[in-house]
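The residues making up each chain are set out below.
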Amino acid sequence: MSVATKVLVVDAGNTSIKFTAFEDESVLWVHRGDHCPTDNGFVPDVIYFASVRSKEQSALMHADIQAEYPNSRWMTLTSQATACGVHNAYFEPERLGVDRWLGVIAAHHIEGGGVVVVDAGTAIKVDVVDKAGVHLGGYITPGLAMMEESLLVNTARIRYDSNEVVVGEGLPNSTARAVTEGCYEMALGFLERIYQQYKEYKWIATGGDAESLLKRLGVPVERQPNLVAIGAKLVGDEQLRGNK
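Residues numbered from 1 in each chain as written. Predicted model: local features only at pLDDT ≥ 70, side-chain atom pairs only at ≥ 80, totals over all residues. Heavy atoms only, no water.

Caption draft 1: Inspection of the environment of Leu-136 at higher detail. Tracing the backbone through its elements, the reader meets Leu-136 in strand E10 (residues 135-142). What makes Leu-136 partly exposed here is its relative accessible area of 42%. Sequence separation between Leu-136 and Ile-230 is 94 residues; the distance between their C-alpha atoms is 21 Å. Contact partners of Leu-136, with chain neighbours within four places excluded, come to Ala-89, Val-128, Val-129, Asp-130 and Tyr-201. (Helix = DSSP H or I, 4+ residues; strand = E, 2+ residues; numbered from the N terminus. Buried < 20%, exposed > 50% of the residue type's maximum accessible area, 1.4 Å probe, protein only. Contact = heavy atoms within 4.5 Å.)

Caption draft 2: Spatial organisation of the packing of helix H3 (residues 144-154) against helix H4 (residues 175-197). Close contact between H3 and H4 brings their axes to 9 Å; oriented N to C, the two are set at 130°. With respect to H4, the axis of H3 lies oblique. Considering how the two elements wind past one another, H3 and H4 form a crossing that is right-handed. Residues Leu-144, Met-147, Glu-148 and Leu-151 of H3 form the contact with H4, whose own contacting residues are Val-179, Thr-180, Cys-183, Tyr-184, Met-186 and Ala-187. (Axes fitted to C-alpha atoms, helices over the stretch in contact; angles between N-to-C directions. Parallel < 35°, antiparallel > 145°, perpendicular 65-115°, else oblique. Left-handed = near helix turned anticlockwise from the far one by under 90°.)

Caption draft 3: Expanded view of the pattern of salt bridges. One pass over the full model with this rule turns up ten salt bridges. When the shortest N-O distance is used, the salt bridge between Glu-25 and Lys-233 registers 3.5 Å. Here Glu-25 is found in the loop between strand E2 (17-23) and strand E3 (26-32), whereas its partner Lys-233 is found in helix H6 (residues 227-243), with 208 residues between them in sequence. Take Glu-25: its relative accessible area is 49%, and that puts it in the partly exposed class. Judged by relative accessible area, which is 3%, Lys-233 ranks as buried. Salt-bridge contacts for Glu-185 lead to Arg-216; the nearest nitrogen and oxygen are separated by 3.4 Å. Residue Glu-185 is located in helix H4, and its partner Arg-216 is located in helix H5 (residues 210-217); the two are separated by 31 residues in the primary sequence. Look at the salt bridges and you will find they share partners, linking Glu-25, Lys-233 and Asp-237 into a network. (Salt bridge = Lys/Arg side-chain N within 4 Å of Asp/Glu carboxyl O.)

Caption draft 4: Just the nonpolar core, in detail. One finds Tyr-48 and Leu-102 to be the most contacted residues of the largest nonpolar core, which totals 30 residues. For this core, the secondary structure elements donating two or more residues are strand E1 (6-12), strand E4 (46-51), helix H2 (98-111), strand E8 (115-120) and H6. Among the elements that take part in this core, H2 stands out by supplying seven residues, more than any other. With residues near it in sequence (within four places) discarded, Leu-102 still touches Ala-50, Leu-77, Leu-227, Val-228, Gly-231, Ala-232 and Val-235. Val-116, Ala-176, Val-179 and Tyr-201 belong to the second largest nonpolar core, which has 26 residues in total. (Core = buried A, V, L, I, M, F, W, Y, C linked by side-chain atoms within 4.5 Å.)

Caption draft 5: Molecular detail of the packing of H2 against H6. Viewed as axis vectors pointing N to C, H2 and H6 meet at an angle of 85°, and their least axial separation amounts to 7 Å. The angle between H2 and H6 places the two elements in the roughly perpendicular class. Residues Asp-99, Leu-102, Gly-103, Ile-105, Ala-106, Ala-107, His-109 and Ile-110 of H2 pack against Leu-227, Val-228, Ile-230, Gly-231, Ala-232, Leu-234 and Val-235 of H6. Taken together, the residues of the contact of H2 with H6 break down into eleven nonpolar, three polar and one charged. (Nonpolar A, V, L, I, M, F, W, Y, C, P; charged D, E, K, R; others polar.)

Caption draft 6: Inspection of the sheet that holds strand E5 (residues 73-76) at higher detail. Strand order across the open sheet formed by five strands is E3-E2-E1-E4-E5, with mixed pairing between neighbours. Each end of this open sheet is capped by a strand with a single partner; those strands are E3 and E5. For this sheet the average axis-to-axis angle between neighbouring strands, irrespective of direction, equals 20°. As paired elements, E4 and E5 share four bridges and run parallel to each other. (Pairing = 2+ DSSP bridges.)

Caption draft 7: Representation of the pairing of E3. By the bridge criterion, six bridges tie E2 to E3 in an arrangement that is antiparallel. Across the sheet, residue Phe-22 finds its bridge partner in E3, namely Val-27. The turn linking E2 back onto E3 is made up of two residues, and Asp-24 within it adopts a positive phi angle of 55°.

Taken by themselves, the reported measurements are silent on function.
Rendered as structure tokens:
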């Protein structure tokens, strides 16, 4: 049971900010953007803030959001050695990205057993946690868009327009297909190698590209778009209980 009736989770990723409003254990709404919507009558009892941005950027966000909700309690979440029954694999726990940490915690509580967490957005992040709640570690690779961008930035003659990106059969026969489908195959190969090692584990996915990649591989997967927010809710509530 929640220790605060109304909770706002702020998940500040590398390229976007996601605001998730909870009432007790239910998600009321989700918003992506630079600013939290304040015209819907929702006033949180507590704000759980998880950011992978710089200290300076995070501090500015804190000030802006807190100004909108001056009476709401504020809690900044960071990666820890243990939380909510999950043990961090890192020797320096705070160096594990908080988004990965919260995703691992949420996945363990949702699935209950050994689970592979795939978060495919700006980067493709994969983490593994066993049935005892021990985080075994994970990987970070460039996401599909980042892979494509790296080719465009670092080469002189790989160029194409967005209207040239079309689905075709067989080996790519245009620069657009060569790049987009090549990056896709790179990501598929990476995920397939992990699947061969952890076939017996359950798989849970979040991020815009995760579902399409895993569907292509035929991996049974549960889609959970609010994975990080759920993890933040679990960790924040645990800390609130501990502080009472």
